[in-house]
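What follows is each chain in one-letter form.
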Amino acid sequence: MKNFIYILILGLFVYSCGSTKDRNLGDSQINEDTVRIANDSLEYEIIIIEPGFNLFINSIARPEGYYSQQYLENKNRFLVSEYNQRVSQPQNYNPDLYLQEINYNPSIDYGYEVNYLLYNYFVFFSRHYNQKFSVPTRI
């Protein structure tokens, strides 16, 4: 009887460990790491595909409303400019990190959400890839 209980407990343990092996995380992880913002009236679109960015926004970044829109616009103006300069200098900066220029026009009002996500992308980028910008990116 004692051996039967041990076998039953061992069987339940093995069964519980084996029940999670059929999960398919590939597509869901890709969708969770893609952030898309679009506004058809202004004809702009931001797509951020960066593993871990969504987790960063939801757990580490300051909440929406913490920064003013003017603060974010000022930071983004300088950060985008410096980022685009690095894109144009692949001999000095890793071309695998700086893939393409960001088309950001400071005279256009993109709204709070776009500026918030763009600034937080730079914060994430600088922390994740250990990149320093001339304008501090802090949380």
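I will try to describe carefully the structure that is included in this document.

Bringing the packing of helix α4 (residues 69-87) against helix α5 (residues 112-128) into the picture now. It is the contact of α4 with α5, at a shortest axis distance of 9 Å, that shows an interaxial angle of 50°. In terms of axis orientation, α4 runs oblique to α5. Pair α4 / α5 crosses with left-handed handedness. On α5, the residues touching Q69, Y71, L72, E73, K75, N76, L79, V80 and Y83 of α4 are Y112, N115, Y116, L118, Y119, F122 and F125.

With that settled, the discussion passes to the side chain of E82. Tracing the backbone through its elements, the reader meets E82 in helix α4. Discounting chain neighbours no more than four positions away, the residues touching E82 are K132, F133, S134 and V135.

On to the environment of I48, then. Secondary-structure assignment places I48 in strand β2 (residues 44-49). Put simply, I48 and L117 are 69 residues apart on the chain and 9.0 Å apart in space, counted from C-alpha to C-alpha.

Turning our eyes to something else, we now look at the nonpolar core. In terms of nonpolar packing, the biggest core is built from 30 residues, with F53, Y98, Y116, F122 and F125 touching the most fellow members. Counting only elements with at least two residues in this core, the list comes to β2, α3 (53-59), α4 and α5. The contacts of Y98, once residues within four sequence positions are left out, are Y83, R86, V87, Y93, F125, Q131 and F133.

Here is what the cut-offs are and how they apply
Every chain begins its residue count from 1, and numbering advances along the sequence as written. Given that the model is predicted, a residue must reach a pLDDT of at least 70 before its local features are reported, and side-chain atom pairs must reach 80 or more before they are shown or counted; all residues, however, enter totals for whole chains, interfaces and linings. To get the side-chain values, take all heavy atoms of the structure and skip hydrogens and water. With axes taken as lines fitted to C-alpha atoms, and helix axes fitted only over the stretch in contact, angles between N-to-C directions fall between 0 and 180 degrees. In this text, helices come from DSSP runs of H or I with a minimum length of four residues, and strands from runs of E with a minimum of two, each type numbered from the N-terminal end. Under this scheme an angle from 65 to 115 degrees is roughly perpendicular, one under 35 degrees roughly parallel, and one over 145 degrees roughly antiparallel; angles in between are oblique. The handedness criterion is simple: a crossing whose near helix is rotated anticlockwise from the far helix by less than a right angle is left-handed, and one whose near helix is rotated clockwise is right-handed. Note on contacts: a residue pair is in contact if any heavy atoms of the two residues lie within 4.5 Å. Definition of nonpolar core: a set of buried residues of the types Ala, Val, Leu, Ile, Met, Phe, Trp, Tyr and Cys, connected through side-chain atoms within 4.5 Å. Burial classes follow relative accessibility: with a 1.4 Å probe on protein chains only, a residue under 20% of its type's maximum area counts as buried, one over 50% as exposed, and anything between as partly exposed.

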